Amino acid sequence: MDLNGKELSNIIQEEIAEEVKTIVAQGKRPPHLAAILVGEDGASRTYVKNKENACAKVGFESSIKRFDASISEEELLNEIRSINENPGIDGLIVQLPLPGHISESKVTHTISPEKDVDGFHDVNIGKLTKGEDTYISATPFGILQLLERNGIETQGKHCVVLGRSNIVGRPMSILMSRNGNPGNATVTLCHSRTKDLKDFCLSADILIVALGRPDFVTADMVKKGAVVIDVGITRVDADNPKGYVLKGDVHYEGVKEVASYITPVPGGVGPMTIIGLLQNTLKAYNQNNLQSEQ
Ligand code: NAP
């Protein structure tokens, strides 16, 4: 059965929009997400545009600061500092990747942890690891909600995560091992040096795949009844007007016959990611307002 991220994202989007309506009806300003875009990368421009559209749909304000790829690191850090100090902005994202002369690490750590709605700051990663309240980065947050809202039991299950990136695989493995719901799973994190990867996959009750390798997981690697979450999105050349199709890391047609639940690509994890960002921005807004009321 499909875990439908498109449908769930529409439901949560409605919930956020309702909350914003209530806020605005009380005479308060709506939440505001700011984005910084450096350079002319086509994919980055599309991602930022999508985030702007998503904000508009739920009634958030949004603003995009665009800079030429030649901006110096110090100038960019100063722009971030000025947004940090702007009380009218709740969340800030800097679209990655950045030009080579700018340190992504410095940029990430200059964003105030209170406005870090991407959840990339060390403070927020530390809190996530310790199970404290924080901004969980958007894709893992979206996956947690797909599991929770579909009533998928994770406690005591064996969860195998393929891929250990800082934005998906590693935080996902930590979240699934935390004492909470979803969580309380026994977790195995696999990567390119893992031996006998197929054996680990076959022992998974919940298999979360974030590799960037189209159709990597096939039906013979999945236990009957397992829950399969496919994070991968890769453009693969195809003979159609677009010239490509989007492929997940899981061979959907084969694996759906074995799995109890599976996320399709597109329409699974992807739409949930943007929702995670909106929820983090709303959370930042609420915390921001709570502080100013105290
Ligand atoms: P990444 O940073 O490239 O990490 C890939 C991970 O996969 C690495 O840990 C790598 O291992 C591991 N890996 C690669 N080949 C492997 C193999 N043959 N066997 C075992 N492990 C292997 O990728 P990412 O940023 O996590 O993204 C993964 C995929 O998810 C991509 O397709 C990306 O586009 C997609 N994505 C989707 C969303 C969404 O919203 N749906 C969000 C983020 C990412 P090593 O560490 O050993 O190199």
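Cut-offs and rules
Residues numbered from 1 in each chain as written. Predicted model: local features only at pLDDT ≥ 70, side-chain atom pairs only at ≥ 80, totals over all residues. Heavy atoms only, no water. Pairing = 2+ DSSP bridges. Helix = DSSP H or I, 4+ residues; strand = E, 2+ residues; numbered from the N terminus. Contact = heavy atoms within 4.5 Å. Axes fitted to C-alpha atoms, helices over the stretch in contact; angles between N-to-C directions. Near = heavy atom within 4 Å. Polar contact = N/O pair within 3.5 Å; in protein donor to acceptor, adjacent residues only side chain to side chain. Areas by Shrake-Rupley, 256 points an atom, 1.4 Å probe, with all protein chains shown as cover. Nonpolar A, V, L, I, M, F, W, Y, C, P; charged D, E, K, R; others polar. Buried < 20%, exposed > 50% of the residue type's maximum accessible area, 1.4 Å probe, protein only. Parallel < 35°, antiparallel > 145°, perpendicular 65-115°, else oblique. Left-handed = near helix turned anticlockwise from the far one by under 90°.

J.: Sorry if this is basic, but what is going on with the sheet that holds strand 6 (residues 206-209) here?
T.: Pairing between sheet strands relies on hydrogen bonds along the backbone, with the strands arranged either parallel or antiparallel. Read from one edge to the other, the open sheet built from five strands follows the order 5-4-6-7-10, with strand pairing classed as parallel. Of all strands in the sheet, those bounded by a partner on one side alone are strand 5 (186-190) and strand 10 (261-262). Where strand 7 (residues 227-230) and strand 10 come together, two bridges link them in parallel fashion. Paired with Val228 across the two strands is Ile262, which belongs to strand 10. Set on the sheet, helix 7 (residues 169-177) makes contact with strand 4 (158-162), strand 5 and strand 6; between it and strand 5 the angle comes to about 170 degrees.

J.: What is the right way to read the site of the ligand from this model?
T.: Arg164, Ser165, Ser192, Arg213 and Thr273 are the nearest of the 21 residues found near the ligand. Contacts to the ligand include Arg164, whose side-chain N or O atom sits 2.7 Å from an oxygen atom. In this structure, Ile233 approaches the ligand through a main-chain N or O atom, which is 3.0 Å from an oxygen atom. When the ligand sits alone it has 930 Å² of accessible area, and the protein chains cover 70% of it. No other element matches helix 10 (residues 269-293), which puts three residues into the shell around the ligand. Class assignment of the residues belonging to the shell around the ligand gives a composition of nine nonpolar, ten polar and two charged.

J.: Please clarify how the side chain of Thr110 should be interpreted in this entry.
T.: Looking at the element boundaries, Thr110 is found in helix 4 (residues 104-110). Residue classification places Thr110 among the buried residues on the basis of a relative accessible area of 16%. In terms of polar contacts, Thr110 uses its side chain to reach the backbone carbonyl oxygen of Lys106, at 2.7 Å. Filtering out sequence-adjacent residues up to four positions away, Thr110 remains in contact with Leu77, Ile80, Arg81 and Asn84.

J.: Would you mind showing me how to read the packing of helix 6 (residues 138-149) against helix 7 here?
T.: Describing two packed helices takes the angle between their axes plus the distance from one axis to the other. One can describe the packing of helix 6 onto helix 7 by two numbers: an axis separation of 9 Å at closest approach and a directional angle of 40 degrees. If you check the angle between helix 6 and helix 7, you find them oblique. Helix 6 and helix 7 meet at a crossing whose hand is right-handed. In this structure, helix 6 uses Pro140, Ile143, Leu144 and Leu147 to contact helix 7, whose residues at the interface are Pro171, Met172, Leu175 and Met176. The class makeup of the residues in the contact of helix 6 with helix 7 is eight nonpolar, no polar and no charged.

J.: Is there a simple way to think about unusual backbone geometry in this case?
T.: Apart from glycine, the bulk of residues carry a negative phi angle, and the bulk of peptide bonds sit in the trans form. That bond from Leu96 to Pro97 is cis: its omega, 5 degrees, falls within 30 degrees of zero. Relative to the elements of secondary structure, Pro97 occurs in the loop between strand 3 (91-94) and helix 4. With an omega of -5 degrees, the peptide bond running from Asn181 to Pro182 counts as cis. By secondary structure assignment, the location of Pro182 is in the loop between helix 7 and strand 5. Positive phi outside glycine occurs at Asn184, with the angle close to 55 degrees. With respect to the helices and strands, Asn184 occurs in the loop between helix 7 and strand 5. With phi around 55 degrees, Asp196 is a residue other than glycine that occupies positive phi space. Take Asp196: it is sitting in the loop between strand 5 and helix 8 (197-202). What makes Asp196 exposed here is its relative accessible area of 55%.

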